[in-house]
Amino acid sequence: MARAGRPVSRVVATLVLLGVLVCLHLFPDRVDALYSASIMLLTCGGAALHGWTAQRSTGRARRVWITTTIGLACWGYAEVSVGIPAVVTGTAPDRTLLANVLNLSAMAFVVIAMLSIPGAPRDRFARLKMLLDGVVAATALAGIVWMLVLEPLIRVKGASPAFIDLAYPVGATGVLAVGVVLLAGQPLRQLSAMTLVTTGVSVLTVGLLVEIGGEITGDGSIRPWALDTYLIAASLLVSSALAPLPDDHERDWQTAGGGLLPYVPVAVLYLTAALYMLTGRTLEPPVVWAAMIMTAGVLVRQLLALQANARLTEDLAAQRAKLVFEATHDALTSLPNRAMLQRALAALPGATRAGDPPPADGLPTLLMIDLDGFKSVNDTLGHAAGDQLLVVIAERIRGAIEPLGDVALPVRLGGDEFAVLLHSGGSPVAVELAQDLVLGIGTPMSLDGHPATVGASIGIATHGRSERMLHDADVALYEAKARGKGHYRLFDERLSAAVAARQSLEADLGGALAGDQLSLEYQPLVDLMSGDAPRCEALLRWNHPTRGRLTPDEFLTAAQHVGLLPALDRWVLATATAQVAEWRATDPEFVVSVNASAAYLASGTLPRDVRRSMEKHGLPGSALIVEVTEGSLIVNLEAAAGLLRELRELGVRVALDDFGVGYSSLNYLRQLPVDVVKLDRSFTRELGTGPDAVILVDGVLDLAYRLGLETVAEGVETEEQAGQLRDLGCRYGQGFYFGAPTPPIADHPPSVGDGSPHYPPPASFRTTPGTVNPGSGGRRSEAAR
C-alpha cells in the first residue's frame, strides 16, 4: 500500500508546487508572502526529512544526508529570518549579513553533498575528459556571467563593489559549472538522489544569477521567475531524500545521456558574445580570455575524443578478431576446429572426375586422426591430465606438419579426434605424414609425473572431392582402427562395404549381451610335469544369429569401438566363476583363468566385481587367475599395479599374458605384482627353428624361475614343442596339442585331450627320475643343467 500511494503523493506535491508557481505571477502584490511561506515550509520541512533519512542510513549515505540536512537548515534559518516579517507585513525586509552568510553556507554544504555522491572515473582518460569538460563549462559560464552580470554589476556598483555582491554571482558560476559537468556524467533517465541533488543545485544557481540580473537591470518582472527557480530547486533537494542513492558502479562518472551538456554553455557564450558585439560593444578582456581557454579546452577534448574513437575502433577490431578466432578454433589446443575445416574443404577447387589428370602438385588430402588409449588415460589420471595430453598431441601434430608450411591445416575435430588437411601433395605426402604422426604421437610422455602413452590411428582420403572427404577419411579411419593401434589406411571404394559390415556388427553387439547370444569355451592348461590339467582358460564366443559362431578376434575390435569391452569382461567373469564353482564340487582345486581388457582395468571396478563374484558363489581367491596383457597396462602402470595388488589381497593370482612381445616386459616383471608369466605363442612357434630360439626361451624361463613366477607356454601345437618346453622346465602348456576350447560339461572340467585327437596318454608325459627337481617349481635341477 505504501508503494502504491507513493506515485499519488508525488502527483499531489507536483500539482501544489505548480499552483504556487502560478500564484506568484497571478498575485504580484502577494509575491513576498507566498514565496516566504512556501520556501520556509520547503527548507525547514526538508531539513527535518533529510535529518530523519540520515538517522536511518549508514556509511557514505549517512554522511551525504547529514551534509544536506545542515545545508537545508542554514537555508531555512535564513529564509525564516526574512520570511516571517514578509508573511506578516506582505513585504520582505532586506537580508541581514547573517542571512547572507547562511545562504552562502547552505550553498556550500549542498555543493559538498553533491560532490560526495558521485565517484571519480576509474579510467585515466575518463578523468582527463571530466577535467576538460569542467574547464570548458567553467570558462564558458564565466564569460557569460561577465557579460550579463559582473560587468553590469561593476558598472552599477562602481569599480569596487562589496564582497557580498560579487560572492553570489562568482560562487553561482563555479557551482553551476560543477553541476553541469556532474550532470553530464550521470544517467539522466534514472531518477536517483545524485541526479536530484545535482539538478537542484544547478537550478538554484541559475535562479540566483537571474535574480542578480533583474536587480542590475531594475526589471521587477524578472524576480518572480527567479523565485520560481528557488522553489523548484528546493523541491528537488528535498525530494532527493526519497530517491535511492546510486550503487558503486552507478556512482562512477561517465558520459551518458548528458554527454553534450558541457557544450550548452559554449553555445550560449558564442550567442551572447555575438549579440553583445551586434549592439556595438567591445568584448572585455575577461570574456576574450575565457573564450580562448574554452576553445582550447574544446579542441583538446575533441582530440581526446578522436583518440578514444580510434582506440575503440581498434578494440572492436580486436574483439571481432577474437570472436572469429574463438568461433573457428578449439579453446583447449588453439587448433582450427571443425567449422574452419569445413570452410577450407568448401574452398577447395571443384571435384575431380574419373579420368581427369591429377593436379601437378597432387590432389588435396584429408588425414583423420583418432587417439588410441585416450579414454584409459582420461579415466585413470583424470580429465585434467586428459586435457594436458590433448595439448601435447596438438603440439606434436604442429611439429609434424611444420615442414609442409601453409599447405597443411591442423584441426581438432573434438574429443580425441584430430585431422590434417593437405591442400596439395596427394597420397605420397599424406602417407609420409601419417607415418611421422604415428611415430610422434606414440612417443611416451609424462603428465604431472605420471607416464602415459597413446597411439594414433589414421584414415586418409585422397581424391579431391571435398563434399565426401570427411566421410571417406572417417571410413578409412574405421578400417585402420580395426587393424589395431598405430595403423593408417588409405580410402578406396572397397572399404565402404567392409566398414558397413563392421558397423552392422557393432550394432548387433548390444543385442548379444541382452539376447543370450554369448557363451564360453574352456581350454585346458596342462601341467607338463604330471600331464594333468588342473586349470583352464575361459574364452568368449558369440553365437551370432546370421554369421554363426564368432571368436573374439572377429568382434572385440568392434566391442572396443562402441565401448562394450568392460561389459563383456564382466559377463565372462560372472559366467566363469559360476562354472568353476560347479566344477570344484568334484575337483576342489580346479582353477579358471579369465582375461581383463585395458578398458576393464581403466574402469577401476575389477577388484570389486571379482570380490562380489567370489562371495556370490562361495569361492576362495585361489580359484581364479586374472590375465592381463602388456597393452592393457601401458597406459598407467601405477594405477594398474594398484588394481592388481587389490586382486592379490583377495587371494586371486595375476598372470601376465602374451609376455615378451612388448618393449616393457622386463619392466613389468619388476614393478607389477604378477604370479604367472604366459609366454607368447611366438616363442613356442620358434622353438623348432634353431638353437637361438631354445636359448631365448630358456633365458625367459630361467628369469621367471628366479623371480618365483609360474610359467605357461601358449600355442603348443606339436609333441616336439611340448617335450622341449618340459625339458626346459616350463611348468604349464596350453594349445591345440593338449585340447581345443570346448563348451563346458557339467561336473566335468576340461581335461587333457578334450577336442584334440592327437594328444597322447598322460603317462607318456610322466617325468623320468632325476630329470626334474620337485622343489624347483618345474625348473630343472642344477644336476640336470
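These numbers come from a predicted model, not from an experiment.

Asker: Before we go on, may I ask you to explain the packing of helix H4 (residues 97–116) against helix H7 (residues 193–217) in this structure?
Answerer: Packed helix pairs are characterised by how far apart their axes lie and by the angle those axes make with each other. Between H4 and H7, whose axes approach to 9 Å, the crossing angle comes to 145°. The hand of the H4/H7 crossing is left-handed. Counting all contacts with H4, which are made through Met-107, Val-110, Val-111 and Met-114, the residues of H7 involved are Val-197, Thr-198, Val-201 and Leu-208. Classifying every residue of the contact of H4 with H7 gives 7 nonpolar, 1 polar and no charged.

Asker: Would you mind showing me how to read the packing of aromatic side chains here?
Answerer: To describe a pair of aromatic rings, you give the distance between the ring centres and the angle between the ring planes. A complete count under the given rule lists 5 aromatic pairs for this structure. With centroids separated by 6.4 Å and ring planes inclined at 50°, the aromatic side chains of Tyr-35 and Tyr-230 adopt a geometry described as tilted. Taken together, the residues Tyr-35 in helix H2 (residues 31–56) and Tyr-230 in helix H8 (residues 223–239) connect sequence positions 195 residues apart. The exposure classification of Tyr-35 matches that of Tyr-230, with both residues buried. With a centroid separation of 5.5 Å and 85° between ring planes, the pair formed by Trp-542 and Phe-555 is classed as edge-to-face. Taken together, the positions of Trp-542 in strand S9 (residues 535–544) and Phe-555 in helix H18 (residues 552–561) put the pair 13 residues apart, joining distant regions of the chain. Each member of the pair, Trp-542 together with Phe-555, is buried. For Arg-535, the ring lying beneath its charged end belongs to Tyr-732, and the centroid distance is 4.2 Å.

Asker: In this structure, what is going on with the nonpolar core? I would like to understand it.
Answerer: Nonpolar side chains in soluble globular proteins tend to be buried together. Counting 69 residues, the largest nonpolar core has Leu-624 and Val-626 as its most contacted members. Setting aside its immediate chain neighbours within four residues, Val-626 contacts Val-594, Ala-596, Leu-606, Leu-647, Val-652, Arg-653, Val-654 and Ala-655. Within the second largest apolar cluster, 43 residues are counted, among which are Val-20, Leu-21, Met-114 and Ala-137.

Asker: Looking at this structure, how should I read a nonpolar patch on the surface?
Answerer: On the surface, Leu-128, Leu-131, Val-135, Val-288, Trp-289, Met-292 and Ile-293 cluster together into a nonpolar patch covering about 640 Å² of accessible area. When residues of the nonpolar patch are traced back to their parent elements, those giving at least two are helix H5 (124–157) and helix H11 (285–328). Counting through the fold element by element, Leu-128 comes out in helix H5.

Asker: Would you mind showing me how to read the side chain of Lys-678 here?
Answerer: Among the structural elements, Lys-678 can be located in strand S14 (residues 676–679). According to the relative accessible area criterion, Lys-678 is buried, its value standing at 1%. Among the polar contacts made by the side chain of Lys-678, one reaches the side chain of Glu-537 at a distance of 3.1 Å. Each residue touching Lys-678, except ones within four places of it in the same chain, is listed here: Glu-537, Glu-627, Ala-655, Leu-656, Asp-657, Asp-658, Phe-659, Val-712, Glu-714 and Gln-734.

Asker: Mind showing me how you'd approach the sheet that holds strand S6 (residues 455–462) here?
Answerer: Pairing between the strands of a sheet is mediated by backbone hydrogen bonds and can be parallel or antiparallel. Sheet architecture is open: 5 strands sit in the order S2-S3-S1-S6-S7, paired in mixed fashion. With one partner strand each, in any of the chains shown, strand S2 (408–414) and strand S7 (488–490) form the two edges of the open sheet. Between one strand and the next, the sheet's axes are offset by a mean angle of 20°, whatever the strand orientation. Helix H15 (residues 426–441) contacts strand S1 (365–372), strand S3 (417–422), S6 and S7 of the sheet and is inclined by roughly 170° relative to S6.

Asker: Would you mind going over the packing of helix H13 (residues 374–381) against helix H14 (residues 383–401) with me for this structure?
Answerer: As a packed pair, H13 and H14 sit with axes 6 Å apart at the nearest point and diverge in direction by 140°. Comparing their axes, H14 and H13 come out oblique. Contact residues: H13 offers Phe-374, Val-377, Asn-378 and Leu-381, while H14 offers His-383, Ala-385, Gly-386, Leu-389 and Leu-390.

Asker: What am I meant to see in the pattern of salt bridges here?
Answerer: Where charged atoms of side chains with opposite charge meet at close range, the side chains can pair. Within this structure, the stated rule accounts for 21 salt bridges. Asp-492 is the partner of Arg-489 in a salt bridge, and the nearest nitrogen-oxygen pair spans 3.9 Å. The exposure class of Arg-489 is buried, given its relative accessible area of 18%. Here Arg-706 and Asp-702 are joined by a salt bridge, their closest N and O atoms 2.9 Å apart.

Asker: I tried to follow the confidence of the model for the protein on my own but got confused; where do I start?
Answerer: Detail in the predicted coordinates should be disregarded across regions flagged by low pLDDT. Residue-level pLDDT values for the protein average 81, and 84% of them are 70 or greater. A low-confidence stretch, residues 1–5 (pLDDT under 50), is modelled with 0 contacts involving residues beyond four sequence positions or located in other chains. Below a pLDDT of 50 lies the segment residues 756–785, which in the model reaches 54 contacts outside its immediate sequence neighbourhood of four places, other chains included.

Reading the values: rules and limits
- Residues numbered from 1 in each chain as written.
- Predicted model: local features only at pLDDT ≥ 70, side-chain atom pairs only at ≥ 80, totals over all residues.
- Heavy atoms only, no water.
- Axes fitted to C-alpha atoms, helices over the stretch in contact; angles between N-to-C directions.
- Helix = DSSP H or I, 4+ residues; strand = E, 2+ residues; numbered from the N terminus.
- Left-handed = near helix turned anticlockwise from the far one by under 90°.
- Contact = heavy atoms within 4.5 Å.
- Nonpolar A, V, L, I, M, F, W, Y, C, P; charged D, E, K, R; others polar.
- Phe/Tyr/Trp six-rings, centres within 6.5 Å; stacked < 30°, edge-to-face > 60°.
- Buried < 20%, exposed > 50% of the residue type's maximum accessible area, 1.4 Å probe, protein only.
- Lys NZ or Arg CZ within 6 Å of the ring centre and 35° of its normal.
- Core = buried A, V, L, I, M, F, W, Y, C linked by side-chain atoms within 4.5 Å.
- Patch = residues over 30% accessible without salt bridge, like charges linked within 9 Å, V, L, I, M, F, W, Y side chains within 5 Å.
- Areas by Shrake-Rupley, 256 points an atom, 1.4 Å probe, with all protein chains shown as cover.
- Salt bridge = Lys/Arg side-chain N within 4 Å of Asp/Glu carboxyl O.
- Polar contact = N/O pair within 3.5 Å; in protein donor to acceptor, adjacent residues only side chain to side chain.
- Pairing = 2+ DSSP bridges.
- Parallel < 35°, antiparallel > 145°, perpendicular 65-115°, else oblique.
- pLDDT = per-residue confidence, 0-100.

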